[in-house]
Amino acid sequence: MTGDSSIFDFELQYPWVLTLLIPLAILIFLYITRREPTVLLPRNPVVVAKKSLLSRVKIYSLAPALFYALGGIAMIFALAGPRFDAGEIRQKSEGTDIILAIDLSGSMEAYEPSKKLRSDAAIRAAHSRGETKQRIQICKSEVRKFIEARPDDRIGLIAFADLPFAVCPPTLDHGWLLRQLDSLSLHTIGDGTGIATPIIAAVDRTKDSDAKRKVMVLFTDGENTVQNKVSPEQAAEIAKKYSLIVHTVGIGSPRAYIEQNSLFGKNLVPYHDEFDEKLLKKISETTGGKYYAADDAEAMHAALAEIDKLEKKPQEMPRIALYDERAGEVAALALAFLLVGFFLSRTFFLRFP
């Protein structure tokens, strides 16, 4: 396999072979410094000039030896196994297609304080310090962690309120997926909660997939307030028919707050709403999934951590390393140097007794 290779990916398969350069260097040195038979002549200007010329001729006559030396060096490098790293093949078992469906209804802007804050005063103090988060913020933060923990699964994203919106099809490009997740905002597709349509949208996205397992995780904090031709129960039956497992996560608690504007600025006001826990449980049971209650950030984290364990990740098989072997090319270069040296020694630099 050949391709674009960086010099930084170069390596030698048998680097110890380079030790042969030492005896080769000794041979080259001995050849260059060898004593030729000489004839002593009286010193005179003519003889000195001829001697200088003969010295230049001797240096020039080393050309065949130079090509022999280059051929020897190249041959040693060829034996050392020069190659470039050309990447690797990672074989995986079949992965899972996961669709994440996030509720963008208006109630997702409610704040869910941590259960560690036991009093109303403590909650308000934490909120003034910016330590409380809206349901949508909690959801997006924990979903991001879930996506980052599963780099080898195709994951898609659906937003829903009055209507569903397919934000991202199942993809391995999680960088792009996370950017789409960050871009989600409330009040963009209505303020109602339609639970049936995102399930149908997820079925449509996964029904033709070759994944071994297809899973949907549906996050919502409200009851089904949008009436469609298909009810949430019927949508669950359709998901079951197409082998789509639906885990449901009910977001919210009786301790929620919303911000309201007043003459004295923004105030925290208790917000009492309930999601349809019975419906969410029925959807999950019908499709073979599980229901989770997430009444604060810690509970949401625990829910997604359990789903992450429940849905097995692809098992990576042994990696096959790919190399761009260059030993043959270097050996060919060595042979070319040796042939040039042989040609020069038998033609232009042929010596007679």
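Residues numbered from 1 in each chain as written. Predicted model: local features only at pLDDT ≥ 70, side-chain atom pairs only at ≥ 80, totals over all residues. Heavy atoms only, no water.

1. Concerning the side chain of T193
At step 1: Along the chain, the position of T193 falls in the loop between α6 (174–183) and α7 (196–206).
At step 2: Looking at T193, the relative accessible area reads 4%, which means it is buried.
At step 3: The residues touching T193, leaving out its near neighbours within four places in the chain, are D103, S105, F160, A161, D162, T220, G222, E223, N224, T225 and V226. (Helix = DSSP H or I, 4+ residues; strand = E, 2+ residues; numbered from the N terminus. Buried < 20%, exposed > 50% of the residue type's maximum accessible area, 1.4 Å probe, protein only. Contact = heavy atoms within 4.5 Å.)

2. Topic: helix α9 (residues 277–287)
At step 1: For α9, the complete set of buried residues consists of L279, L280, I283, S284, T286 and T287. Around the axis of α9, the buried residues are gathered within 165° of arc, so they sit on the same side. Turned more than 90 degrees from where α9 packs its buried face, K278 and E285 sit exposed.
At step 2: Note on α9: the residue one or two positions beyond its end, G288, has a positive phi of about 85°. (Arc of directions from axis to C-beta.)

3. A few points about the nonpolar core
At step 1: Within the largest apolar cluster, 34 residues are counted, with the highest numbers of intra-cluster contacts made by L100, I102, V143, L157, F219, V249 and M300.
At step 2: A total of six residues in this core trace back to one element, the largest contributor, which is helix α5 (residues 135–148).
At step 3: Ranked by size, the runner-up nonpolar core spans 22 residues in total, among them F160, I199, V203 and L280. (Core = buried A, V, L, I, M, F, W, Y, C linked by side-chain atoms within 4.5 Å.)

4. Looking at empty space enclosed by the protein
To find leftover empty space, one rolls a probe the size of a water molecule over the atoms.
At step 1: Inspection of every chain in the model, using the stated rule, returns one cavity of 30 Å³ or more.
At step 2: Tallied by class, the residues present in the lining of the largest cavity amount to four nonpolar, no polar and four charged. (1 Å grid on protein atoms, 1.4 Å probe; cavity = no way out; pocket = protein on both sides within 12 Å on 5 of 7 lines; lining within 4 Å. Points joined across faces, edges and corners; volume = space filled by probe spheres on them. Nonpolar A, V, L, I, M, F, W, Y, C, P; charged D, E, K, R; others polar.)

5. As for the sheet that holds strand β6 (residues 213–220)
Strands in a sheet are paired, the pairing made by backbone hydrogen bonds, and the direction either parallel or antiparallel.
At step 1: Taken in spatial order, the six strands line up as β5-β4-β3-β6-β7-β10 in an open sheet, and their pairing is mixed. A strand with exactly one partner marks an edge of an open sheet, and here the two such strands are β5 (164–171) and β10 (291–294). Across the sheet, the mean angle separating the axes of adjacent strands is 15° when strand polarity is ignored.
At step 2: Pairing geometry for strand β4 (residues 154–160) and β5, over five bridges, is antiparallel. Bridge pairing links F160 to P164 in β5.
At step 3: In the packing of α6 onto the sheet, contacts are made with β3 (96–103), β4 and β5, and the angle to β5 comes to roughly 160°.
At step 4: Helix α10 (residues 297–310) contacts β6, β7 (244–251) and β10 of the sheet and is inclined by roughly 155° relative to β10. (Pairing = 2+ DSSP bridges. Axes fitted to C-alpha atoms, helices over the stretch in contact; angles between N-to-C directions.)

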